[in-house]
Amino acid sequence: MEDSISVKKEKRILNISLGGSIAFLAAEVICAWYTGSMAILMDCIYDIVQLVMIGPFLVLVPLLYRPVTEKRPYGYAQVESLFILIKYTALLVIETVLVKESILAIAEGGNEVESGVIGVFELCVSAVCFVMFYIISRLGRETDTPAVQAEKFIWRLDSLSTLGVGLGFMANLLIGRTSLSWICVYVDPAIAILIAVILAKEPVQMIAEAVRNLILFAPEKKIREGIEKIAQEKCAAFGYKITFIDVIKTGRTCWIEVYFELDTDTIDVAVLKALDSELEKALEDAYGDVWLELIPDVEEFRGVNPEKMPERRSDRIAYIDRKKNKGK
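*Asks:* Summarise the nonpolar core; cite the residues concerned and give the values.
*Replies:* The tendency in soluble globular proteins is for nonpolar side chains to be buried as a group. Grouped together as the largest cluster of nonpolar side chains are 37 residues, with contacts concentrated most on Phe169, Ile191 and Ile195. Secondary-structure elements contributing two or more residues to this core are helix 1 (2-35), helix 2 (38-64), helix 3 (77-107), helix 4 (115-139), helix 5 (146-175) and helix 6 (184-214). Among the elements that take part in this core, helix 6 stands out by supplying 8 residues, more than any other. Ile195 has contacts with Ala39, Met42, Asp43 and Val165, leaving out every residue within four places of it along the chain. Core analysis: the next-biggest nonpolar cluster, separate from the first, contains 21 residues, Ile242, Cys254, Leu279 and Leu292 among them.

Written as structure tokens, this is what we have:
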């Protein structure tokens, strides 16, 4: 039931963002056609890629809330990472092409545009984008998934970038009345290049994170340390000592395995269930969707050759060959 509510909330936010993006894109296309501005065209192409990707993601969202199965041990979490990888790779390629065109425009003598019209348009768009960012932030307080975070980031970025572009063209309008008026024709392609450089940071970061998630690497150090701190505090309260923590992040889900040491040969199942419930809630409050497993660390009693074990474990566990001990 709770997952169903989460799906509806997330889809509602994405639908609102989709509607705003369509209106925003329509206005940009008209302005880019009317003014011939490369800077607005850069923004326009960026928004087209974002808009094209929202549609398929609305189909993907319900799948992300489905339970894991033997066939899909990580559910559809990695599909989200693959989707993000495709989305931002396409965006980075398009930005690179537009930067090339802007550089060629500068080399060929610049691009003369109506700075006043573009300046007013961009300042108005900036105000609208800020309103959209505020609305999505309010609605996403309880459903702060990677998709919602991405939408908030996009609207915040759009509000700031259009504000900067608007102010830049207003300044260009004033420069046109001075002895430096000759540089005015270069302002539009130069702003287009600047927008591309600023926007390139997010695709590069998201591509790196998506690749890390797809190959099941651990998340960034800050997340690992935060999870370890919460787990140590909760386990200590129940009298368990943690020996090792495995953390993998795929899409919006953190898969956490907590190995703990036993002082006795028996496990109190009721205590273990209580710890599992409290620890899972604490981790979900801090990191959203988590999949938690509590595992008694019994590897020290296995007859295993330590040279064949992963290095991360061999320095923590004293392996015992019980067969050899029996033969002595």
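*Asks:* Describe the packing of aromatic side chains, listing the residues and the values that go with them.
*Replies:* By the definition in use, this model includes 4 aromatic pairs. Considering the side-chain rings of Tyr240 and Phe260, the 4.7 Å spacing of their centres and the 50° angle between planes classify their relative orientation as tilted. You can see Tyr240 sitting in the loop between helix 7 (221-237) and strand 1 (241-250) and its partner Phe260 sitting in strand 2 (residues 253-261), a full 20 residues away along the chain. As far as the burial class goes, Tyr240 and Phe260 line up, both buried.

*Asks:* Can you lay out the pattern of salt bridges for me, pointing to particular residues and giving the numbers?
*Replies:* For the structure shown, the criterion picks out 3 salt bridges. Between Lys221 and Glu225 there is a salt bridge; the shortest N-O distance is 3.8 Å. With Lys221 and Glu225 both in helix 7 and 4 residues apart, this pair spans about one turn of that helix.

*Asks:* Requested: an account of the side chain of Ser21, with residues and values cited.
*Replies:* Topologically, Ser21 is positioned in helix 1. Within the structure, the side chain of Ser21 is placed 2.8 Å from the backbone oxygen of Ser17, a separation counted as a polar contact.

*Asks:* So, the packing of helix 7 against helix 8 (residues 269-287): which residues are in play, and what are the values?
*Replies:* Packed helix pairs are specified by the crossing angle of their axes together with the interaxial distance, meaning the distance between the axes. Helix 8 packs onto helix 7 with a crossing angle of 150° between their chain directions and a minimal axis gap of 10 Å. Between helix 7 and helix 8, the angle is such that the two are roughly antiparallel. As helix 7 runs across helix 8, the sense of the crossing is right-handed. In contact with Lys222, Ile223, Gly226, Ile227, Ile230, Ala231, Lys234 and Cys235 of helix 7, helix 8 contributes Leu275, Glu278, Leu279, Ala282, Leu283, Ala286 and Tyr287. Partitioning the contact of helix 7 with helix 8 into residue classes produces 11 nonpolar, 1 polar and 3 charged.

*Asks:* Account for helix 4, naming residues and giving values.
*Replies:* Between its first and last C-alpha, helix 4 extends 36 Å over 25 residues, near the 36 Å set by a 1.5 Å rise per residue. For helix 4, the complete set of buried residues consists of Ser115, Ile118, Gly119, Phe121, Glu122, Val125, Ser126, Cys129, Met132 and Ile136.

*Asks:* Any chance you could break down the sheet that holds strand 2 for me, citing the residues and the numbers?
*Replies:* The strand order 1-2-3 describes an open sheet built from 3 strands, whose pairing is mixed. Looking at which strands have only one partner, the edges of the open sheet turn out to be strand 1 and strand 3 (290-296). For this sheet, the mean angle separating the axes of adjacent strands, direction not counted, is 15°. In the sheet, strand 1 pairs with strand 2 via 9 bridges, with the strands oriented antiparallel.

*Asks:* Give a description of the pairing of strand 2 that names residues and reports values.
*Replies:* Strand 2 sits mainly inside the fold: 7 of its 9 residues count as buried. In this sheet, strand 3 lies alongside strand 2 in parallel orientation, the contact comprising 7 bridges. The residue bridging Glu257 from the neighbouring strand is Glu293, located in strand 3.

Each value, and the rule that gives it
- Residues numbered from 1 in each chain as written.
- Predicted model: local features only at pLDDT ≥ 70, side-chain atom pairs only at ≥ 80, totals over all residues.
- Heavy atoms only, no water.
- Core = buried A, V, L, I, M, F, W, Y, C linked by side-chain atoms within 4.5 Å.
- Buried < 20%, exposed > 50% of the residue type's maximum accessible area, 1.4 Å probe, protein only.
- Helix = DSSP H or I, 4+ residues; strand = E, 2+ residues; numbered from the N terminus.
- Contact = heavy atoms within 4.5 Å.
- Phe/Tyr/Trp six-rings, centres within 6.5 Å; stacked < 30°, edge-to-face > 60°.
- Salt bridge = Lys/Arg side-chain N within 4 Å of Asp/Glu carboxyl O.
- Polar contact = N/O pair within 3.5 Å; in protein donor to acceptor, adjacent residues only side chain to side chain.
- Axes fitted to C-alpha atoms, helices over the stretch in contact; angles between N-to-C directions.
- Parallel < 35°, antiparallel > 145°, perpendicular 65-115°, else oblique.
- Left-handed = near helix turned anticlockwise from the far one by under 90°.
- Nonpolar A, V, L, I, M, F, W, Y, C, P; charged D, E, K, R; others polar.
- Expected span 1.5 Å × (residues − 1).
- Pairing = 2+ DSSP bridges.

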